[in-house]
Amino acid sequence: MAGIVLDGVNKIYPNGFHAVKDADFTCADHEFVILLGPSGCGKTSILRMIAGLEEISSGQVYIGERLVNEVEARDRDVAMVFQNYALYPHMTVFDNLAFALKLRKMSKPDIKMRVHEAARMLDIEGLLPLRPRQLSGGQMQRVALGRAMVRQPQVFLLDEPLSNLDMQLRVQMRSELIRMHKQLGTTFIYVTHDQMEAMTMGSIIVVMKDGVLQQAGSPLDVYDKPVNMFVAGFVGSPAMNFLQGCLGVNGGQVSIKGTGFCFQIPEHKITASLKAHTGKPVIIGIRPEDIWCTDVYGEESGPASPVVQVDIIEQVGYEYYLHLDLEKQRLVARTSRSLSARPGDRIRISLDLKRLHLFDYDSQEALI
């Protein structure tokens, strides 16, 4: 098995498009790394450069201890699973799984053993005599995974392999991939724009935007400690709420004030860099689950517990998403209990200030 290292990797296409910009990251041996970001941010380009399917414009890619920039794709000992499955339609499932092993001129008994071992793990033994046209989408995805498994590569590269499946199958296949990774103990690098896949499957998430790696860390670190507004807004559903305010000092305490609200920053969150922003505009970030709503709008409500208007209430299973209007600023609150409030009502909200995020107005980098 092997880890992956990217050192200052760039990809510039012939038309001048700079798809990947100075990418640096390390995927440890046996790790399950997710490359997460919107379409066109460079995720697949990175995967294809690791696989040897795209030329590296500059920088180095290592698989294990070996520099592979000039190594042919077939000699890198990696297996790639594509979004479209790429099965041979004229071959049976058995022959699709066995094809790469036949090219290696393995013996028939060894090929049969590997194919049946992979088929048992993926629960597709009954499909071996069938052809791809006789399979469902989920079955074809299992076959595509099995074709990669039989090669016993050092690294699995997966390019949005579940995007063509319906929601129920995606949930099922996520569990299958997690189980498969644990059983094989192989390094996985998985590309997706689906944050649910990223949060539930990966041990490390690498968030990308416009070809630049924004943040790498565990799912919990990326969710709780985003380094900038892009990561904060991209990871989490519903997305983090943002409000514009200004830092000031009130009675010796650092506070943040904006249209319709005024909050005191908890002492443990106050740093020297934060104090340096006193008098400057900042962006407040608060996740929907950290907004508490009450049924009643009381006259005693003040700027520390602002009043909002309920615009829309969405029931999503056992949860409720409340779309709120705070002086023309949009907020979404998530709650697991039903409120008596209805659209058009005015209610009071409180924020969990211990989980408040602040970002520099200009750079959009995190302050706390």
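Below or above, wherever it landed, is the structure these notes cover. (Residues numbered from 1 in each chain as written. Predicted model: local features only at pLDDT ≥ 70, side-chain atom pairs only at ≥ 80, totals over all residues. Heavy atoms only, no water.)

**Some remarks on unusual backbone geometry**
Alright, step 1. A cis geometry characterises the amide bond from Ser-237 onward to Pro-238, with omega recorded as -5 degrees.
Alright, step 2. Along the chain, Pro-238 falls in the loop between α8 (229-234) and β11 (241-250).
Alright, step 3. A positive phi angle, close to 50 degrees, is found at Gln-152, a residue other than glycine.
Alright, step 4. Along the polypeptide, Gln-152 turns up in the loop between α4 (137-149) and β7 (155-159).
Alright, step 5. For Glu-160, which is not glycine, the phi dihedral falls at a positive 45 degrees.
Alright, step 6. Relative to the assigned elements, Glu-160 resides in the loop between β7 and α5 (167-184). (Helix = DSSP H or I, 4+ residues; strand = E, 2+ residues; numbered from the N terminus.)

**Some details on the state of the cysteines**
Alright, step 1. Scanning the entire structure with this criterion turns up 0 disulfides.
Alright, step 2. Free cysteine: Cys-27, not disulfide-bonded; nearest cysteine sulfur from Cys-41 at 17 Å.
Alright, step 3. Given a relative accessible area of 1%, Cys-27 falls into the buried group.
Alright, step 4. With no disulfide of its own, Cys-262 lies closest to Cys-246 among cysteine sulfurs, the gap being 11 Å. (Disulfide = S-S within 2.5 Å. Buried < 20%, exposed > 50% of the residue type's maximum accessible area, 1.4 Å probe, protein only.)

**Observations concerning the packing of helix α3 (residues 108-122) against α4**
Alright, step 1. Packing of α3 against α4 brings their axes to within 9 Å, and their N-to-C directions diverge by 140 degrees. Between α3 and α4, the interaxial angle falls into the category oblique. Here α3 runs over α4; the crossing is right-handed. Seen from α3, the contacting residues are Ala-118, Met-121 and Leu-122; seen from α4, they are Arg-142, Leu-145, Gly-146 and Met-149.
Alright, step 2. Split by residue class, the contact of α3 with α4 holds 5 nonpolar, 1 polar and 1 charged. (Axes fitted to C-alpha atoms, helices over the stretch in contact; angles between N-to-C directions. Parallel < 35°, antiparallel > 145°, perpendicular 65-115°, else oblique. Left-handed = near helix turned anticlockwise from the far one by under 90°. Contact = heavy atoms within 4.5 Å. Nonpolar A, V, L, I, M, F, W, Y, C, P; charged D, E, K, R; others polar.)

**Examining helix α2 (residues 93-103)**
Alright, step 1. Those residues of α2 that fall on the buried side of the exposure criterion are Val-93, Asn-96, Leu-97, Ala-98 and Leu-101.
Alright, step 2. Buried positions along α2 lie against α3 and α4.

**Looking at the pairing of strand β19 (residues 346-351)**
Alright, step 1. Pairing of strand β15 (residues 291-293) with β19 involves 3 bridges; the strand directions are antiparallel. Within the sheet, the bridge partner assigned to Trp-292 lies in β19 and is Ser-350.
Alright, step 2. Judged from the 3 bridges that link them, strand β16 (residues 307-316) and β19 form a sheet pairing that is antiparallel. The residue of β19 that forms the bridge with Val-307 is Arg-348. (Pairing = 2+ DSSP bridges.)

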